[in-house]
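# Working through the structure, step by step
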Protein chains: 2
Amino acid sequence: MDGSARPSTEGGVDVLVALLDQLRHGRAVTRPDLVQRTGIGRGVVSKGVAELIGRGLVEEHGTGKSSGGRAPRLLRLRAEAGHLLAVDVGVTSVAVAIADLAGRVVAHTEEPADLAAGPEAVLDRADALYRELAGSQHAEHGDLWGIGIGVPGVVDFRAGRCTAPPVPSWESFSVRDRLAERQGVPVWVDNEVNVMALGELRAGVARDHRCVVYAKLGTWIGGAVIVDGRLHRGAEGSAAELGHVRISDDPNVVCRCGRIGCLAALAGGSWLARNGERLAREGMSSMLADVLARAGRVEATDVSWAASHGDHVSRALIVENGRHVGHALAVVVNIVNPSLIVIGGGVSQAGDDLLAAIRESIYARSMPVATRNLVIQRTTVAGLGGVIGAAAMAADEIFARRRVAEWLDAGTPAGRPELASLAA
Amino acid sequence: MDGSARPSTEGGVDVLVALLDQLRHGRAVTRPDLVQRTGIGRGVVSKGVAELIGRGLVEEHGTGKSSGGRAPRLLRLRAEAGHLLAVDVGVTSVAVAIADLAGRVVAHTEEPADLAAGPEAVLDRADALYRELAGSQHAEHGDLWGIGIGVPGVVDFRAGRCTAPPVPSWESFSVRDRLAERQGVPVWVDNEVNVMALGELRAGVARDHRCVVYAKLGTWIGGAVIVDGRLHRGAEGSAAELGHVRISDDPNVVCRCGRIGCLAALAGGSWLARNGERLAREGMSSMLADVLARAGRVEATDVSWAASHGDHVSRALIVENGRHVGHALAVVVNIVNPSLIVIGGGVSQAGDDLLAAIRESIYARSMPVATRNLVIQRTTVAGLGGVIGAAAMAADEIFARRRVAEWLDAGTPAGRPELASLAA
């Protein structure tokens, strides 16, 4: 060992990142665990743990089981040393959560919102909801360390900016700058469906999978792809545009994007509502006609409700919707070959007919080798997936190699990251 | 530092893997380079380099440029300390190459072969070609360290076995066991197109890209997807099945897989040949009719040749072929959002009309945000891509974390890896 300029980073930042990674996910809880799971030598693990304890990020709490010799001390991330703000902006709602540094949601609230009201109005509401949530909690959350947020449309993740939003007022808007200036902490912004998929990976059905496709069937249709346990965003952040997979050559099927035959023009909540209302008007379904007479319009949830109460016309709509989704997913299966497809979004709750139609359509159109062990399931985190994912994204970024290196270089103890280190 | 059981692996195996990774790709050539590029401390880098020199894997050779103080010694991987065997098995050919430990091809040969002759016959020829190649070289290659091989069809990469080959005689055949038993070294087997894409990533147009789609237009059509600089194989090894992306609902377009509308049934060399011959018989093209009269049949290369010599009918075929390929690639662009699409395989040499048709079709059917910076190019390593990729795969696996950890644990100096450590 020469008289190194960085005595505390022996073995590289990678050691601390590896230790934090094990501890914050609860995979290792003692020094011997850490040695075994990371393959890093005992001495280096001991030094790394000492450094993390010294910086207030890790603490000992009691003694674990002995495996022969002296019982090892239990270690844990001091997840309450700070908190994260997680925001999930949808087309018709905004959800806000407070999470600890391990990314666990500790408080959550949600209200209807209109994306078309523009970014300032929607983010002002998110600020207010965060203040209410933080104020109503008696627990001490520590400082705010960072913010994770999901928004609809294509996002330039590195720039924290909307590049192809579904509503013009969000075009080119820097969600990151807006939130960072207001809160003074680093902010990570991603597409809403990517964030939902991350939630599923961390706390839902995708926990034990490495390669996952997420299909969000809401008013519109979106997708996300997880490769090797990580979100695949693509070169421009527009990967997994499931809604714009072309499944028909019929020139009469025009998508809101201007092209023909997109899945989003042949399935999804808005398609269900439109067709449900048409069939009600045409007198094809007395149940839907009743809804129309009473409420003045038919929504996707009305079609789901009618289908589950024996309305054949509604059931046929749900099945057709599922078949179209399956067409697009079959292509995705041929390209991505996931081990799991998660069906999320409001329309995913439309009953088993939907899932059966999706499955049938995928199996009929995919290579047998690709569907042999393929699991197709409904989301298990449903409404909370977005904020769980946004919190996980912020936690992952805060404990990523680049940021840990910054802390070490700065020589400052762990604490609230400075605004100066915002650049991705 | 406690009296660690592994004094030589301080900072973990990761340090040595990181140093080897820099050195074998020529990214760092001095100790200060290594410190700067890996972020690992000076002392740990010095110890790691000393260990690699001691094991005969790295050597000093001369002195680099000074940046103020004493000029640093130049370091290099002793790539000639051993060699790799790279094999590229196609449907109609077999190519064999000898590469150094850095994965650089130093000798290469190729001959026609028939995949349908079965694995024993084809691999016997590969053995013979390797013996000839090794014997004819005056240079000293050192011991054989490992084998990389690409074969057509779906491969279970971890098992080294064909799971969905285009020819029944290869079904379930363990290419890995066959080669490992004969040569006594570790073997890595992947799909032929994956290996070609890896060649492009290492030595071709994809060098500066992280997210790449490779389309192989040969007799059949195959694909490969590179995500974050690494091959994406999928849960069952069947990712990127470009040939079986459905682009038509016409029930008369039946693919050899039994399903309808697959790209492979509407484009590719075999489609060009079949349609060229039909048009020759129908008297639509005098050029193709001449070919048919002279040779008794029309091949894809004849259609390319006629197209480049002014035959309108052949040109129209090439354009239609390109348009269909573009339809399928547009879907892949929506899902993967690559920064580069590489067009390889024999049919890729069919002239600029083909590339123009592919481009036009992709642009017309993809999201504008996904094609804004998308590059679409022909392969630049062409015939050598397969063996370059197979050699790169073997080199990457030999210097991967798991294997380096094995060397260190065994306490043996670097040298020919033992057969006992074959399991993936």
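Okay, so let's go over this structure. (Residues numbered from 1 in each chain as written. Chains lettered and ligands numbered in written order. Predicted model: local features only at pLDDT ≥ 70, side-chain atom pairs only at ≥ 80, totals over all residues. Heavy atoms only, no water.)

Let us look at the overall build of chain A. Helices and strands together make up the secondary structure of chain A, namely 14 helices and 14 strands. What you see for chain A is a C-alpha radius of gyration of 24 Å, in line with the 22 Å of a compact globule of 424 residues. Considering only C-alpha atoms, chain A reaches an extent of 80 × 50 × 40 Å along its principal axes. Every one of the 424 residues in chain A was classed for burial, and the buried ones make up 58%. Within chain A, contacts between residues at least 6 apart in sequence are counted, and of these 62% link residues at least 24 apart. Summed over all atoms, the accessible surface of chain A reaches about 16900 Å², with 49% contributed by carbon and sulfur. Measuring between centres, the 45 positive side-chain charges of chain A sit 5 Å from its 48 negative side-chain charges. (Helix = DSSP H or I, 4+ residues; strand = E, 2+ residues; numbered from the N terminus. Rg over C-alpha atoms; globule rule 2.2 N^0.38 Å. Buried < 20%, exposed > 50% of the residue type's maximum accessible area, 1.4 Å probe, protein only. Contact = heavy atoms within 4.5 Å. Areas by Shrake-Rupley, 256 points an atom, 1.4 Å probe, with all protein chains shown as cover. Lys, Arg positive; Asp, Glu negative; His and termini not counted. Charge placed at Lys NZ, Arg CZ, Asp CG, Glu CD.)

Residues and elements named next belong to chain A. Here V254 shows up in the loop between β12 (230-231) and α7 (269-281). C-alpha separation for the pair V254 and A264, spaced 10 residues apart in sequence, amounts to 9.5 Å. Those residues in contact with V254, other than ones at most four positions away along the chain, are R259, I260 and A265.

Before going further, it helps to examine α7 of chain A. All names here are of chain A. Its 13 residues place the ends of α7 18 Å apart at the C-alpha level, agreeing with the 18 Å of an ideal helix rising 1.5 Å per residue. The buried fraction of α7 amounts to 10 of the 13 residues, a majority that puts the element mostly inside the structure. All buried positions along α7 are accounted for by G269, S270, W271, L272, A273, N275, G276, E277, L279 and A280. Elements in contact with the buried residues of α7: α8 (286-295), α9 (300-308) and α10 (312-336). Downstream of α7 by one or two residues, G283 has phi in the positive range, about 75 degrees. (Expected span 1.5 Å × (residues − 1).)

Turning next to the packing of α7 of chain A against α8 of chain A. Residues and elements named next belong to chain A. Relative orientation of the contacting elements α7 and α8 amounts to 100 degrees, with a least axis distance of 8 Å. When the axis of α7 is compared with that of α8, the two are roughly perpendicular. Along its contact with α7, which presents G276, E277, A280 and R281, the element α8 presents L288, A289 and L292. (Axes fitted to C-alpha atoms, helices over the stretch in contact; angles between N-to-C directions. Parallel < 35°, antiparallel > 145°, perpendicular 65-115°, else oblique.)

With that out of the way, let us pick up the sheet that holds strand β14 (residues 375-378) of chain B. Residue and element names in this part refer to chain B. Strand order in the open sheet formed by five strands is β12-β11-β10-β13-β14, with mixed pairing between adjacent strands. Taken across any chain shown, the strands that pair with only one partner, and hence form the sheet edges, are β12 (230-231) and β14. The pairing of strand β13 (residues 340-344) with β14 spans four bridges and is parallel. By the bridge assignment for β14, I341 is matched with I376. (Pairing = 2+ DSSP bridges.)

Turning next to the packing of aromatic side chains. Residue and element names in this part refer to chain B. Scanning all chains against the criterion turns up four aromatic pairs over all chains. Relative to F399, the ring of W145 lies with its centre 6.5 Å away and its plane at 40 degrees, an arrangement referred to as tilted. With a gap of 254 residues between them, W145 in strand β6 (residues 143-151) and F399 in the loop between α13 (385-398) and α14 (401-410) connect regions that are remote in the sequence. Summarising the burial analysis for this pair, W145 and F399 share the class buried. When the ring centre of W220 is taken as reference, the NZ or CZ atom of R256 above it lies at 3.8 Å. (Phe/Tyr/Trp six-rings, centres within 6.5 Å; stacked < 30°, edge-to-face > 60°. Lys NZ or Arg CZ within 6 Å of the ring centre and 35° of its normal.)

For these two chains of identical sequence, chain B goes onto chain A by a turn of 180 degrees and a shift of 0.0 Å along the axis, with RMSD 0.0 Å. What we have between these two chains is a two-fold relation. Same-surface contact between copies: 100% of interface residues of chain B are shared with the interface of chain A. (Least-squares fit on C-alpha atoms with pLDDT ≥ 70 in both.)

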